[in-house]
Amino acid sequence: LCIGAHNTLVRGMNITNSTASDGYLHWNDLLIDISPFAWANIGVSAAIGVSVLGAAWGIFVTGSSLVGAAIKAPRIRSKNLISVIFCEAVAIYGVIMAIILETKAGTPPPQFMVPGLEGVYKLSFSGYGIFAAGLVVGLSNLCCGICVGIVGSSCALSDAQNPALFVKILVVEIFGSALGLFGVIVGIIMTAGCSFQDTR
Amino acid sequence: MAGDMMTFNIKDGFMEAVCRGFRSGLLNTTDYSNICQCDCLDDVKQQLACTDYGDFLSNEHPPIATTTIAEKSTDKLVQEFNWVRSQSTAPLTKFLDYIRYSYMIDNVILVITGTMHDRDPHELLEKCHPLGLFDSLASLCAATKTSELFQLVLVDTPLAPYFSEAVTDADLDELNIEIIRNTLYKAYLEDFYKFCTAMGGATAEVMGDILKFEADRRAINITINSFGTDLTKDDRAKLLPSFGFLYPEGLTRLEQAEDFQGVRDACECYGPYRNIFADVGYSSEKSLEDAFFEFEVAQNRLAFEQQFHYGVFYAFVKLKEQEIRNIVWIAECIQQDQKSRINQYIPIF
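Conventions adopted
Residues numbered from 1 in each chain as written. Chains lettered and ligands numbered in written order. Predicted model: local features only at pLDDT ≥ 70, side-chain atom pairs only at ≥ 80, totals over all residues. Heavy atoms only, no water. Contact = heavy atoms within 4.5 Å. Buried area = accessible area lost by both parts, 1.4 Å probe. Salt bridge = Lys/Arg side-chain N within 4 Å of Asp/Glu carboxyl O. Polar contact = N/O pair within 3.5 Å; in protein donor to acceptor, adjacent residues only side chain to side chain. Helix = DSSP H or I, 4+ residues; strand = E, 2+ residues; numbered from the N terminus. Nonpolar A, V, L, I, M, F, W, Y, C, P; charged D, E, K, R; others polar. Buried < 20%, exposed > 50% of the residue type's maximum accessible area, 1.4 Å probe, protein only. Expected span 1.5 Å × (residues − 1). pLDDT = per-residue confidence, 0-100. Phe/Tyr/Trp six-rings, centres within 6.5 Å; stacked < 30°, edge-to-face > 60°. Lys NZ or Arg CZ within 6 Å of the ring centre and 35° of its normal. 1 Å grid on protein atoms, 1.4 Å probe; cavity = no way out; pocket = protein on both sides within 12 Å on 5 of 7 lines; lining within 4 Å. Points joined across faces, edges and corners; volume = space filled by probe spheres on them.

Go over the interface of chain B and chain A, please, and point to the residues and values.
Chain B puts 18 residues into the contact, and the matching count from chain A is 16 residues. Note on chain B versus chain A: buried area summed over both sides is about 1400 Å², and carbon and sulfur give 64% of it. At the boundary of chain B and chain A, one finds one salt bridge. With a shortest N-O distance of 3.1 Å, D52(B) and K72(A) are connected by a salt bridge. At the junction of chain B and chain A, the tally comes to six residue pairs in polar contact (both at pLDDT 80 or more). No other element matches helix α1 (residues 2-23) of chain B, which puts 13 residues into the side of chain B that touches chain A. Among the residues making up the side of chain B that touches chain A, the classes are represented as nine nonpolar, five polar and four charged.

Now, about the pattern of salt bridges: what can you tell me, with residues and values included?
Residues and elements named next belong to chain B. Within the structure shown, the criterion is met by 16 salt bridges over all chains. Put simply, E190 and K186 hold a salt bridge, and the shortest N to O gap is 3.7 Å. In this pair, E190 and K186 are both assigned in helix α9 (residues 174-199), four residues apart and thus about one turn of the helix distant. What makes E190 partly exposed here is its relative accessible area of 24%. K186 sits in the buried class, given a relative accessible area of 19%. Of the charged contacts in the structure, one is a salt bridge between E258 and K233, with a shortest N-O distance of 2.5 Å. Of this pair, E258 sits in the loop between α12 (249-256) and α13 (260-266) while K233 is found in helix α11 (residues 233-239), placing the two residues 25 residues apart along the sequence.

I'd like a rundown of helix α10 (residues 201-226) of chain B, residues and numbers included.
All names here are of chain B. In this model α10 runs 37 Å from its N-terminal to its C-terminal C-alpha over 26 residues, within 8% of the 38 Å that 1.5 Å per residue would give. In terms of residue burial, α10 counts as a mostly covered element, since 19 of its 26 residues are buried. Looking at the residues trailing α10, positive phi occurs at G228, about 90°.

Give me the side chain of S83(A): which residues, what numbers.
Residues and elements named next belong to chain A. Within the secondary structure layout, S83 lies in helix α5 (residues 81-105). Take S83: its relative accessible area is 1%, and that puts it in the buried class. With residues near it in sequence (within four places) discarded, S83 still touches T62, V148, G152 and E173.

Can you lay out the confidence of the model for chain B for me, pointing to particular residues and giving the numbers?
Residue and element names in this part refer to chain B. Here chain B averages 85 in pLDDT, while 92% of its residues score no lower than 70. Mean pLDDT values over the elements of chain B span from 62, in helix α8 (residues 165-169), up to 92, in helix α16 (residues 311-335). Here the complex is predicted with pTM 0.88, and the ipTM for its interfaces comes to 0.85.

Describe the packing of aromatic side chains, listing the residues and the values that go with them.
Applying the stated rule across the entire model yields 28 aromatic pairs over all chains. It is R23(B) that lies over the ring of F304(B); its NZ or CZ is 5.4 Å from the centre.

Break down the layout of surface pockets for me, with residues and values.
Residue and element names in this part refer to chain B. Quantified by volume, the largest pocket comes out at close to 800 Å³. Lining the largest pocket are 27 residues, with R181, N182, E214, R218 and N221 positioned closest to its centre. Listing elements by their share of the lining of the largest pocket, those giving two or more residues are α5 (92-116), α9, α10, α15 (288-303) and α16. When residues in the lining of the largest pocket are grouped by element, the largest group, seven residues, is from α10. Considered as a void within the structure, the second largest pocket measures approximately 610 Å³ in volume. In this structure, the second largest pocket is lined by 19 residues; those nearest its centre are T74, K127, C128, H129 and P130. The set of elements that each furnish at least two residues to the lining of the second largest pocket consists of α4 (66-87), α5, α6 (121-127), α15 and α16. Counting residues per element, the lining of the second largest pocket draws most heavily on α5, at four residues. Its residues placed into classes, the lining of the second largest pocket shows eight nonpolar, three polar and eight charged.

What follows is the structure in structure tokens.
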């Protein structure tokens, strides 16, 4: 009932009559009819899901090389866990952002039906904003995780050959893991004004 | 390709890391200089005990022969290779099998030649290279004609596709054995090259270079060895592999070559080979074979510069073989008291 009322309100703004019985005629109508709550929650799932995908990818890439190289050079075991920790940090960024976005996208108050148009705009704005922030965080963490993983694999193999290389390659990994932070920062700024709670 | 970097470690990351661990166990310049300073083979055994070789000679009672050293070192290589192969998954297993096929070809030819000269089968099997052993090798001793060989024994082995019609009908005599060996090897090299190119990415790049050099080296050796024999130019042309840096212009020139100078002229068109022939011409110390080994070592060393490809496995096997040859050379020099020539081994790292 609530969604239907929301959609009528939104559709009421559309001048064209495109609610043909066999479906939508324009992409615009389809997209507008998707509820902002759907957008927001997809954003939250992207933030955590894609980040974890990136972190897991990075961990298996670096972990397999680490385990193999440690057979002949056992001294690299403890130091090279740092690469795994960097990849794990990527997943943590994802979790943190997902929690922040979820609090913005959480259960809307019963009086979300706002008379007047600015409420609807605010809902749409928040929905789109949270979706986009989720994508930003997710994709940047995906790339960051893969990057840190591949560099971590090379780091383990080089460290096994020549211990002096470890710290140098760690610097490359640090730059790589900054990519995830960029995504988190941008995501937080994007959703600064987004909220489903206060729509007045 | 970028995709290689992301997905290689799923199946082969552990094996590549293990292979690089083996590579770090290869002897370096300090180890070689220590071994060169030894006075007898027992000292060599003690020096080797401090390296990755460990106690591999501990069960041999003195005096140790150089053949024992060669045998035990090869055993160590075979052990490591078989361990890697047993843990690998496709397509790495197929790749490692391709490495074994060249030793299988050598073993088959060895057994056939030995049988022709009525040698004892057990003696022959002991001389076979351990990496190229397969189940039906022993039954090759019983066959007398090539057609029998093929139909009874070899059709079940992985070498079957390399036996074409011409080979199965040929008679077994001295010249023909060499022709059979080279035809088999040509078919094997071309098949391996096709396999590596189909894999794409860094594997195709690294293995492509290594195999092209191998093909050219075979071509040059076949040409040089055929001077003064009954082999016609057409027959010789059929034995040259159809890929390589010299293919196709250099190969056509090689086919026409009549003497060593002709071979040298044919290789002028490719820079690295020109340098090799330049080295060989002016100093008699280094033979063409040594120069080729040096170039091969340089190529295989380069294979370790890239990550996420199969070239490291091939390069490791070849470099380890070179190391075994080096150790045997040094041991022979020590035993025969020819210290002046002891530094003619090829250093790897």
